[in-house]
Amino acid sequence: MKLFRQMTIGTREVLLYLPPSYEDSDRRYPVAYVQDGGFLFTGCIRYLEHLFASEQLGEVILVGLETEDRNAEYTPWPAGSVGGNGDGFGGKGRDYVDEVADVLKPYIDANYRTLKEPEHTAMIGGSLGGLISWFAGYWRPEVFGRLGLLSASLWYEGVMEFISNSSELQYDLQRDLRIYMSIGGLEGKYKTNSQRNMVRYNEELHKLLQERGFPEDRLTFEFEPEGTHDDLFMIKRFPEALKRLFGPVPKSPVSVRGDTSRYSVPGTVVWRMTAKGTGHEYRIFIAVPDSPLPEEGYPVIYSLDANASFATLAESMRMQARGPHGIPAAVIVGIGYDSNDPIVSGERFRDYTVYADASELPLRPGGLAWPKTGGADVFLDFIEQQLKPEVERYVRINTSRQTLFGHSLGGFLTLYGLFARPGTFQRYAAASPSVWWKNKMLYSKWEEVKPQFTASGRTPELLVIVGTEEKESMIRDARELVRRLRLTETGLSVMFKEIEEEGHVSVLPSLMSPLLRFATQYE
C-alpha cells in the first residue's frame, strides 16, 4: 500500500495516511487533521508505525492540510506584521476552520472508515498551526474534541487578552475534550518583538485552564528546557501528542455501565451552514447508510424541523433498511437550527411561511404578536442552491429520488414548495400541514399553478398525513386540500393517510414508517 496519498478535496490539497491495518480490516479509526501539509507526521511516520505495532498507540488516520497562505488561514483576526513591516496577517482562520469542519471532514468521513465523533477527531498543528488548532476547538467544539498545540503562537496580537477576558471558553469542561500543549524553553528567547512571549503565554494558558477547572487527566503540558522553535522539536512531540489525545490500543471493551459519553446516532454528522443570501445559520444533520452505495446513488429525504425529527427518522431508517427484506436505504438530511430546543419557533415562522399581514392570520394564543414571516422562497433557494450541492459533494445522491418532508408549518412549506417549485423534488410528504396559513392561501396557489402541472405533464408524488386526534379544523383542511388536488387530471399523484389515535405532536413517530416507504419504494 502506498504510504501517503495526495488528493484534492474541494480546492484544498491534502495528504492522506491510512494506518497499516486499514486495507485488511473493517475497523473504523480516529482521525487527526494536521496543519502545514502534515510535516509533523511525515517526519516521524516510521516511528508512529512502531508505536502502532507495539500497541503503545492506537492506529490513527492522518490528514495533512496544505495551505498557500498560513499567515491568513492560521490566524483568528487580522493583525499587522510582528516587525512593523511586511504584509501582516490576514485573519481568515474562521473560514479555514469551517472549511475543514464542513467540507474536508465530511468528505473523509464519507469515503474512509472513520470514527466521526468529536472525541475521535483531532486538530493538531505547530506554531501558527497550533494557534488555529486552539481556535478550531473554540469555534467548532462539536467537531473537534482533541486539540494538539505544539509550540502554539499564543503571542499573536490580542489572543491572550481574548482568552483571559472571555467569561466562557465555550468548552464544556465536563465533556470529553482533551488538550495537548508543548513548548520549548528557548522559544522566543532571542526575539525582541511579541514572539518573545511564546513560553510565558503558553504557560499562562495552561494555568488558566487549570484555574477554570479543566480536568488534569485531559490536559497535558510538556516543557522541554532546551527546545527551540524548530520543526525538529515539534515533530519530536507529535507522537506524544497522539498518545495523550487518543491513547494506547484498548486492552478490553469499555464497560457500558461506566460510560458517560454522549450518545449520537451511528453514521451521522452535523454541519453548521450559513445561508449566503440571508446570513441565517442552520444546523444540518446527515445520516448515511452503512449499506453498499447503489450505482446511481442513494435516495435522499430532506427533513424540516430536524431538531425534533432527525434522530427518530435516522434511527427508523437504520433499523428498517436492514436486510434481507428491509426497505431501500436512503440518506437522511435534517435541516435544523443552532438550538437544543426541539421546536425553534421564531426561525421556523420566518423560514416556513409566505408573508402574511396580521389581518390575514387568526389571533395568536395569549394575544402575542406573530413572529417575522415570509422567508419561504429564500429558504427554498438555500436548500436548492447551497445545501443540496454540499450534500451531493459529501455523498453520492440519486437526484431523481429526492423527497422533502415537513410537519405543521413545515408541512405548509412542503406544499408551497410543491406548488411553486415542483421540479426541485420528486416526492413531497406533508404531515399535519398548516393549510390555515394566510387565509388558506394554498387553495388559491393551487388554482394558480394547476394549469402548469396539466400542461407540463409533471408527475411529482405527494403524501399528506394527519392524526385522527388533531384539531377538527386541521383534519378538515387537509381533507379539503387533497380533494381539490384530486379534482383535476394533472399527473400529480396524491396519497392521503389518517393515523388513528394520534394528535398533532404524537403523529410524528407514528408516521415514520409510512414516510420511509413512500420515499424509498420506486417501481
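First things first, this report covers the structure right here in the doc. Per chain, residues are indexed from 1 in the order of the written sequence. Selection of residues for local features in this predicted model requires a pLDDT of at least 70, selection of side-chain atom pairs for listing and counting requires 80 or more, and totals for whole chains, interfaces and linings are taken over all residues. Side-chain calculation: all heavy atoms of the structure are included, whereas hydrogens and water are not.

### Describing the overall build of the protein
Note the threshold: Counting from the N terminus, the helices are DSSP H or I runs at least four residues long and the strands are E runs at least two residues long. What sets the accessible areas is the Shrake-Rupley method with a 1.4 Å probe; for residues, cover comes only from the shown protein chains. Two residue types count as positive, namely Lys and Arg, and two as negative, namely Asp and Glu; His and chain ends fall outside the count. Lysine's charge is taken at NZ, arginine's at CZ, aspartate's at CG and glutamate's at CD.
Helix and strand content of the protein: 16 helices and 16 strands. With the C-alpha coordinates aligned to their principal axes, the bounding extent of the protein is approximately 85 × 50 × 45 Å. Of the roughly 23600 Å² of accessible surface on the protein, 49% is carried by carbon and sulfur atoms. Taking the average location of the 58 positive side-chain charges in the protein and that of its 70 negative ones, the two points are 2 Å from each other.

### What to know about the layout of surface pockets
Keep this limit in mind: For each structure, a 1 Å grid was placed over the protein atoms alone; sets of points admitting a 1.4 Å probe that cannot get out are labelled cavities, open sets with protein on both sides within 12 Å along at least five of seven lines are labelled pockets, and lining residues have an atom within 4 Å of a point. Grid points are joined across faces, edges and corners, and a volume is the space filled by probe spheres set on the points. Any residue outside Ala, Val, Leu, Ile, Met, Phe, Trp, Tyr, Cys, Pro, Asp, Glu, Lys and Arg is labelled polar, Gly included; the first ten of those are nonpolar and the last four are charged.
Size it by volume and the second largest pocket reaches roughly 750 Å³. Around the second largest pocket, the lining comprises 30 residues; the ones closest to its centre are S408, S434, W436, M474 and H504. Counting residues per element, the lining of the second largest pocket draws most heavily on helix α14 (residues 472-487), at four residues. Split into classes, the residues belonging to the lining of the second largest pocket amount to 14 nonpolar, eight polar and eight charged.

### As for the sheet that holds strand β5 (residues 121-126)
Sheet strands pair via backbone hydrogen bonds, and the direction of the pair is either parallel or antiparallel. Filter applied, for reference: By the convention used here, strands pair only if DSSP detects at least 2 bridges between them. Here the axes come from fitting lines to C-alpha atoms, over the contacting stretch only for helices, and the angles between their N-to-C directions go from 0 to 180 degrees.
The strand order β1-β2-β4-β3-β5-β6-β7-β8 describes an open sheet built from eight strands, whose pairing is mixed. Every interior strand has two partners, whereas the edge strands, β1 (5-9) and β8 (219-224), have only one. Neighbour-to-neighbour, the strand axes of the sheet open up by a mean angle of 20°, direction not taken into account. The pairing of β5 with strand β6 (residues 146-150) spans five bridges and is classified as parallel.

### So, a negative patch on the surface
Note the following rule: Candidate patch residues must exceed 30% relative accessible area and have no salt bridge, after which like charges are joined if within 9 Å and Val, Leu, Ile, Met, Phe, Trp or Tyr side chains if within 5 Å. Salt bridge criterion: a side-chain nitrogen from Lys or Arg within 4 Å of a carboxyl oxygen from Asp or Glu. Per-residue accessibility, obtained with a 1.4 Å probe over protein chains only, is compared with the maximum for each type, and a residue is labelled buried under 20%, exposed over 50%, and partly exposed between these values.
Taken together, the side chains of E13, E66, E68, D69 and D87 make up a negatively charged region of the molecular surface. Here D87 is to be found in the loop between α3 (70-73) and α4 (93-111). Take D87: its relative accessible area is 84%, and that puts it in the exposed class.

### Quick word on the packing of helix α11 (residues 376-394) against helix α12 (residues 409-420)
What counts here: For this classification, under 35 degrees means roughly parallel, over 145 means roughly antiparallel, 65 to 115 means roughly perpendicular, and everything else is oblique. In this analysis, two residues are considered to be in contact whenever any of their non-hydrogen atoms come within 4.5 Å of each other.
One way to put it is that α11 packs onto α12 with a least axis distance of 11 Å and a crossing angle of 75°. When the interaxial angle is binned, α11 and α12 end up roughly perpendicular. For the pair α11 and α12, the contacting residues are A376, D377, F379 and L380 in the first and L413, Y416 and G417 in the second. The residue inventory of the contact of α11 with α12, partitioned by class, reads five nonpolar, one polar and one charged.

### Focus on the environment of N439
With respect to the element layout, N439 can be found in helix α13 (residues 437-456). For the pair formed by N439 and L361, sequence separation is 78 residues and the distance between their alpha carbons is 6.7 Å.

### Section: empty space enclosed by the protein
Scanning the entire structure with this criterion turns up one cavity of 30 Å³ or more. There is about 60 Å³ of room inside the largest cavity. The wall of the largest cavity is formed by S151, S182, I183, G184, E187, E224, G227, F233, M234 and R237. Residue assignment for the lining of the largest cavity shows that the elements contributing at least two residues are β7 (178-184) and α8 (231-246).

### Some points on the side chain of R427
Our working definition: Here a polar contact means two N or O atoms within 3.5 Å. Within protein one must be a hydrogen donor candidate and the other an acceptor candidate, and residues neighboring in sequence count only if both atoms are side-chain atoms.
On the secondary structure map, R427 appears in strand β14 (residues 427-431). In this structure the side chain of R427 is engaged in a polar contact, spanning 3.3 Å, whose partner is the side chain of E461.

### Details of helix α16 (residues 512-520)
Of all nine residues making up α16, seven are buried, and the element is well covered by its neighbours. Every buried residue of α16 is listed here: M512, P514, L515, L516, F518, A519 and T520.

### Some thoughts on the pairing of strand β10 (residues 281-287)
For a regular strand, side chains alternate in direction, first toward one face of the sheet and then toward the other. Within β10, six of the seven residues are buried, leaving the element largely enclosed by the surrounding structure. Note: strand β9 (residues 268-274) against β10, seven bridges, orientation antiparallel. The partner of V269 across the bridge, within β10, is I286. Hairpin connection from β9 to β10: six residues lie between these consecutive antiparallel strands, with G279 at a positive phi of about 80°.

### Some thoughts on the environment of Y29
Within the element layout of this structure, Y29 appears in the loop between β2 (12-17) and β3 (31-34). Sequence separation between Y29 and Y190 is 161 residues; the distance between their C-alpha atoms is 42 Å. Among all residues touching Y29, those that are not within four sequence positions of it are P19, S21, Y22, E59, I61, R113, T114 and L115. A polar side-chain atom of Y29 sits 3.0 Å from a polar atom in the side chain of S25.

### Details of the sheet that holds strand β15 (residues 461-467)
If you trace the eight strands from one edge of the open sheet to the other, you get β9-β10-β12-β11-β13-β14-β15-β16, paired in mixed fashion. One side of each edge strand has no neighbouring strand; the edge strands of this open sheet are β9 and β16 (493-499). Between one strand axis and the next, the sheet turns through 20° on average, direction left out of account. Alignment of β15 against β16, held across seven bridges, turns out to be parallel. The partner of L462 across the bridge, within β16, is V494. Those strands touched by helix α9 (residues 306-320) are β9, β10, β11 (298-303) and β12 (331-336), and its axis lies near 170° from that of β12. This element, α14, spans β15 and β16 of the sheet and lies at about 160° to β16.

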